[in-house]
Amino acid sequence: MDRLFAANEKEIRDAYTTDVYFERTNKILNSKGLGEADVWAEFTLGSLPKKWPWAVLCGTEEVLRLTEGMNVDIFGVPEGTIFRTRSPKGIRVPLMNIHGRYTDFGEMETAMLGMLCHPSGVATAAARVRCAAKEKKIMAFGNRRMHPAISGVLDRSAYIGGCDDVASKIGADIIGKEAAGTVPHALMLMMGSDEAAFRAFDETIEKIVPRIMLIYTFSDEREASINACKIVKDLKGVRLDTPSSRRGSLKEIIQEVRWELDSKGYKNVEIIASGGLNENSIRELMGSGVSGFGVGTSISNAPTLDISMDLVCKNGSAISKKGKFGGRKYTYRCPRCLSMDVSLSENDSITCSCGSGMEPFETPLLKAGKRVHNRSPAEIRKYVLAQLKQLGEL
Ligand SMILES: [Zn+2]
């Protein structure tokens with residue numbers, strides 16, 4: 001059987017996925033006796049896509065898993081930090097600093113950036129959906145729009161950004177929860193009717209799995225929802241998946257179904273909306289009686305962030321390419337308004353524009369290849385939500 005195109009873990013660790021110019025750089029440096037130089041490299045970005053005012057850093061844990069055992073030190077802001085890209089003076093805020101011999105980690109640049117850039121975009125998109133959906137349930141359904149090799153990465157990022165549940169089994173294992181899902185239209189089509197599918201699901205699937213029936217394969221939303229209530233005794237909810245071609249006003253459809261459910265005694269049955277939703281359409285559906293959302297492409301297809309890795313210090317002296325700021329820098333954050341600033345000193349006294357004193361914010365992540373930082377996805381997600389609340393976004 002021919003191999004699939006996705007790289008496996010060994011290939012990533014062996015730098016088989018790296019850009020070849022890093023391999024050539026190492027070869028040149030070693031041949032010229034410069035491979036021993038002690039350097040600092042920082043991870044920063046100049047601006048965010050889609051005019052986002054802030055982003056969620058995601059993927060640090062995977063970078064640590066990649067670099068564990070290498071002879072490097074890594075410092076950085078904790079994963080899940082909500083950041084702006086630049087300080088008030090326009091200096092790029094270092095999200096991560098790596099220290100060691102360049103030839104010991106340079107070849108990993110492609111992989112390390114890839115582990116941060118897209119996941120941070122996905123976590124940010126999820127956080128924006130969370131801000132729109134407030135306290136309502138959000139399920140991440142977007143894996144099918146991206147390559148299956150990164151399903152776990154996508155689900156972890158979506159969860160960290162604020163989704164409640166994920167659909168893939170690998171993603172659920174990574175975040176330490178049960179995978180969540182409802183029913184695909186294929187089941188209705190195979191069973192021949194909505195009602196037959198509702199009944200078969202209820203008879204076959206373990207009782208621990210919440211009964212959320214899919215509406216809009218054959219029948220009208222109102223009729224199918226009431227039928228689901230009658231057929232499935234412990235029905236938890238109905239998922240309205242009305243296609244855009246039939247939608248008219250999804251908000252009014254939800255309001256009507258909510259009215260019908262309430263008036264027929266099914267007040268506890270939740271309405272989950274899905275199908276091409278994004279932060280804007282979710283905002284419009286709030287207050288319609290909807291209980292939650294299944295969100296796919298708008299999260300998994302989030303724009304990637306242009307984080308770059310740049311050398312800023314060589315053998316103790318500041319260096320940088322044109323357009324970047326040289327020197328090993330330290331990140332500070334205001335505990336009150338979460339603004340960030342940058343200093344060449346780790347003991348600086350910086351006053352935030354809000355009047356509060358800033359605090360050193362960098363934390364050691366890896367020391368001589370040994371892990372000194374560990375946070376579970378649930379802890380990181382909690383940290384993201386706390387910051388969103390502090391910023392007044394939630
Ligand atoms: Zn402040």
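Computed from a prediction, not measured in an experiment: that's the story for all the values here.

What the protein chain contains, in helices and strands, is 14 helices and 18 strands. For the protein chain, the spread of C-alpha atoms along the principal axes amounts to about 75 × 60 × 35 Å. By residue count, 41% of the 394 residues in the protein chain fall in the buried class. In the protein chain, 69% of the contacts between residues at least 6 apart in sequence involve partners at least 24 apart.

Further remarks concern the sheet that holds strand S15 (residues 340-343). Across the sheet, 3 strands lie side by side as S15-S14-S16; this open sheet has antiparallel pairing. Edge strands, defined here as strands with exactly one partner in the open sheet, are S15 and strand S16 (359-360). In this structure, strand S14 (residues 330-333) lies alongside S15, joined through 4 bridges in antiparallel fashion. Directly across from Tyr332, in S15, lies its bridge partner Asp341.

Over its 12 residues, helix H2 (residues 20-31) runs 17 Å from end to end, which matches the ideal 16 Å to within 8%, given 1.5 Å per residue. Little of H2 sits out of view: just 0 of its 12 residues are buried. Just downstream of H2 lies Gly33, where phi reads positive at about 70 degrees.

Attention now goes to the nonpolar core. Among the nonpolar cores identified, the biggest contains 100 residues, and Ala140 and Ala273 are the most heavily contacted of them. Among the elements that make up this core, the one with the highest residue count is helix H5 (residues 109-133) (13 residues). Not counting residues within four places of it along the chain, the set of residues in contact with Ala273 comprises Leu240, Leu250, Ile254, Leu285, Val290 and Phe293.

Accessible area lost on assembly of the parts is the figure often given for the size of an interface. Annotation of the protein chain at the domain level lists domain 1 (9-120 + 303-390) and domain 2 (181-295). Taking only C-alpha atoms into account, the centre of domain 1 sits 44 Å from that of domain 2.

This next bit is on helix H10 (residues 221-231). Turning to H10, its buried residues number three or more, namely Glu221, Ala224, Ser225, Ala228 and Cys229. All buried residues of H10 lie within an arc of 140 degrees about the axis, which places them on one face of the element. Elements in contact with the buried residues of H10: helix H9 (194-204), strand S8 (211-215), strand S9 (235-240) and helix H11 (250-263).

What follows deals with the sheet that holds strand S3 (residues 72-76). As summarised here, the arrangement of the 7 strands in space is S13-S12-S1-S5-S3-S17-S18, forming an open sheet in which the pairing is antiparallel. Bordering the open sheet on either side are strand S13 (317-318) and strand S18 (370-371), each of which pairs with just one other strand. The sheet contact formed by S3 and strand S17 (residues 363-367) spans 3 bridges and is antiparallel. Across the sheet, the residue bridging to Ile74 is Leu366, located in S17.

Most of S9 is tucked away, with 5 of its 6 residues classed as buried. The pairing of S8 with S9 spans 5 bridges and is classified as parallel. Along S9, the bridge assignment pairs Met213 with Val238. Handedness of the crossover is the feature at issue here: the chain leaves S8, passes through H10, returns alongside S9, and the resulting connection is right-handed. Where S9 lies against strand S10 (residues 270-274), 4 bridges are found, and the strand directions are parallel. Within S10, the position partnered with Leu240 by the bridge is Ala273. The parallel pair S9 and S10 is bridged by H11, and the resulting crossover is right-handed.

Unlike most non-glycine residues, Ala15 shows phi in positive territory, near 65 degrees. Relative to the assigned elements, Ala15 resides in the loop between helix H1 (9-13) and H2. By C-beta crowding, Ala15 is classed as partly exposed, having 18 other C-beta atoms within 10 Å. With phi around 65 degrees, Leu338 is a residue other than glycine that occupies positive phi space.

On to the packing of H9 against H10. In the contact formed by H9 and H10, the axes pass within 10 Å of each other and the chain directions differ by 35 degrees. The handedness of the crossing between H9 and H10 is right-handed. Contact with H9, carried on its side by Asp194, Glu195, Phe198, Arg199 and Asp202, involves Ala224, Asn227, Ala228 and Ile231 of H10 and no other residues of that element. Residue classes in the contact of H9 with H10 are distributed as 4 nonpolar, 1 polar and 4 charged.

If you want to describe how two helices pack, look at the angle between their axes and the distance between the axes. Two elements in contact, H10 and H11, have axes separated by 9 Å at closest approach and are oriented at 35 degrees. Classified by chirality, the crossing of H11 by H10 is right-handed. Of the residues in H11, those in contact with Glu221, Arg222, Ser225, Ile226 and Cys229 of H10 are Ile253, Glu256, Val257, Glu260 and Leu261. Among the residues forming the contact of H10 with H11, the class breakdown is 5 nonpolar, 1 polar and 4 charged.

With that settled, consider the environment of Leu187. As for its position among the elements, Leu187 is in helix H8 (residues 185-191). Along the sequence, Leu187 and Ala200 sit 13 residues apart, while their C-alpha atoms lie 9.3 Å from each other.

Procedures and definitions
Residues numbered from 1 in each chain as written. Predicted model: local features only at pLDDT ≥ 70, side-chain atom pairs only at ≥ 80, totals over all residues. Helix = DSSP H or I, 4+ residues; strand = E, 2+ residues; numbered from the N terminus. Buried ≥ 20, exposed ≤ 12 C-beta atoms within 10 Å, placed from the backbone. Contact = placed C-beta atoms within 7 Å. Pairing = 2+ DSSP bridges. Expected span 1.5 Å × (residues − 1). Core = buried A, V, L, I, M, F, W, Y, C linked by C-beta atoms within 7 Å. Domains from an automatic or database assignment. Arc of directions from axis to C-beta. Right-handed = clockwise from strand over helix to strand, strands pointing away. Axes fitted to C-alpha atoms, helices over the stretch in contact; angles between N-to-C directions. Left-handed = near helix turned anticlockwise from the far one by under 90°. Nonpolar A, V, L, I, M, F, W, Y, C, P; charged D, E, K, R; others polar.

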